Amino acid sequence: MPTVANRRATFKALHEKGRAFLMPNPFDIGTARILDGLRFDALATSSAGYAWTRGVQDAEGLITREDALSHAEEIISASALPVNGDLENGFGDSPDDVVETVKGAIEVGLAGCSIEDYTTDPQFPYYSLDLAVERIKAAVDVKNRLAPDFVLTARSEGPVQTQYELEETIKRLNAFVEVGADCVYAPQLKDKEQIATVLAAVKAPLNILAGRKNFHMTRKELGDMGVSRVSIGAGLARIAFGSFIAAAEDMKDGGSFGCFDRAMGTADFESFMQARP
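Below you will find a few notes about this structure. Just so you know, these numbers come straight off a predicted model, no measurement behind them.

**Considering the nonpolar core**
(1) Moving on: Of all hydrophobic cores here, the largest spans 63 residues; its most connected members are Leu87, Val102, Leu110, Phe150, Leu152, Ile195 and Leu222.
(2) Moving on: The greatest single-element share of this core, amounting to 7 residues, is contributed by helix α6 (residues 129-146).
(3) Moving on: Apart from the residues lying within four places of it in its own chain, the contact partners of phenylalanine 150 are Arg8, Val102, Ala105, Ile106, Leu110, Ala111, Gly112, Cys113, Lys143 and Asp182.
(4) Moving on: Formed by 9 residues, the second largest nonpolar core is a distinct cluster that contains Met23, Ala44, Val151 and Cys183.

**Notes on the pattern of salt bridges**
Close approach of charged atoms lets side chains of opposite charge pair.
(1) Moving on: Under the criterion given, the structure shown has 13 salt bridges.
(2) Moving on: The closest approach of N and O atoms between lysine 171 and glutamate 168, which form a salt bridge, is 3.3 Å. Taken as a pair, lysine 171 and glutamate 168 lie in helix α7 (residues 163-178) at a separation of 3 residues, close to a single helical turn.
(3) Moving on: In this structure lysine 171 comes out as partly exposed when scored by relative accessible area, which is 41%.
(4) Moving on: Salt bridges linked by common partners bring Glu116, Arg155 and Glu157 together as one network.

**Observations regarding helix α8 (residues 192-201)**
(1) Moving on: Among the residues of α8, those classed as buried are Gln194, Ile195, Val198 and Leu199. Along the long axis of α8, the arc covered by the buried residues comes to 135°, so they all point the same way. Exposed residues on α8 whose side chains face more than 90 degrees from its buried face are Glu193 and Ala200.
(2) Moving on: Those residues of α8 that are buried are in contact with α7, β7 (206-209) and α9 (219-225).
(3) Moving on: N-capping of α8 is provided by aspartate 191, with a side-chain oxygen placed 3.0 Å from the backbone N of glutamate 193.

**A few points about the side chain of aspartate 117**
(1) Moving on: Checked against the element boundaries, aspartate 117 lands in the loop between β4 (112-116) and α6.
(2) Moving on: Of the polar contacts made by the side chain of aspartate 117, one reaches the backbone nitrogen of glutamate 157; its length is 2.9 Å.
(3) Moving on: Among the polar contacts listed, one links the side chain of aspartate 117 to the side chain of arginine 172, at a separation of 2.9 Å.
(4) Moving on: Those residues within four positions of aspartate 117 in sequence are excluded, and the remaining contacts are Pro125, Tyr126, Tyr127, Ala132, Arg155, Ser156, Glu157, Arg172 and Phe176.

The rules behind each value
Residues numbered from 1 in each chain as written. Predicted model: local features only at pLDDT ≥ 70, side-chain atom pairs only at ≥ 80, totals over all residues. Heavy atoms only, no water. Core = buried A, V, L, I, M, F, W, Y, C linked by side-chain atoms within 4.5 Å. Buried < 20%, exposed > 50% of the residue type's maximum accessible area, 1.4 Å probe, protein only. Helix = DSSP H or I, 4+ residues; strand = E, 2+ residues; numbered from the N terminus. Contact = heavy atoms within 4.5 Å. Salt bridge = Lys/Arg side-chain N within 4 Å of Asp/Glu carboxyl O. Arc of directions from axis to C-beta. Polar contact = N/O pair within 3.5 Å; in protein donor to acceptor, adjacent residues only side chain to side chain.

Okay, structure coming up:
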């Protein structure tokens, strides 16, 4: 298995403009082994995918920092690839909370992590710009001190449906870059023209979320535009849980068992699983 330092150096090097490397998101050890076996460049945890395996909803404070880091450690142990951690808002509002989360991410061996500006409070869903930037600056300071190759991604979660919202998102992303974020990410971006606008305005590696409905741009198209990284988020977990529900409903409501005609044979995935020596 590669060392933590090697994984971090490899992950950092992947963030070249226009590479559009694909970073899928497993949600347990088994799916991590499958994606590792399929030879992707890197993996990332999914806060939503993991939450669903625990029977709770995402971004409601029901997954703790310790839970998320323990899950990340499991994914790291199941793969030789660099792993990025989806660490929500850093599990607290203050810069000190974010520092503790990033320190934990470094300690468990993650190659990088993302920190959101989403508060989890529906009344005030996003941190003020000043506080959001202060949180990222604190994260950058601690990672530079402890693990300079650790890739810190700053996320702007707000909507981008109007020109004003897009401009506010760009303002946030640039502010994050100014305090040292290595990569930026606005999950609401999916329109080609908006992505191009952000790429022109923000001089940092950009992550685009592709694991969702009605996203039909290809990796080549994204790379040609200058996108550095493509993540899937909870997309694979949604497919897995959705297929499970569809089959269960077929059995319950239809009284037939044809749903299992759609199932893969175990030989299609067991080759990726650990076996007895």
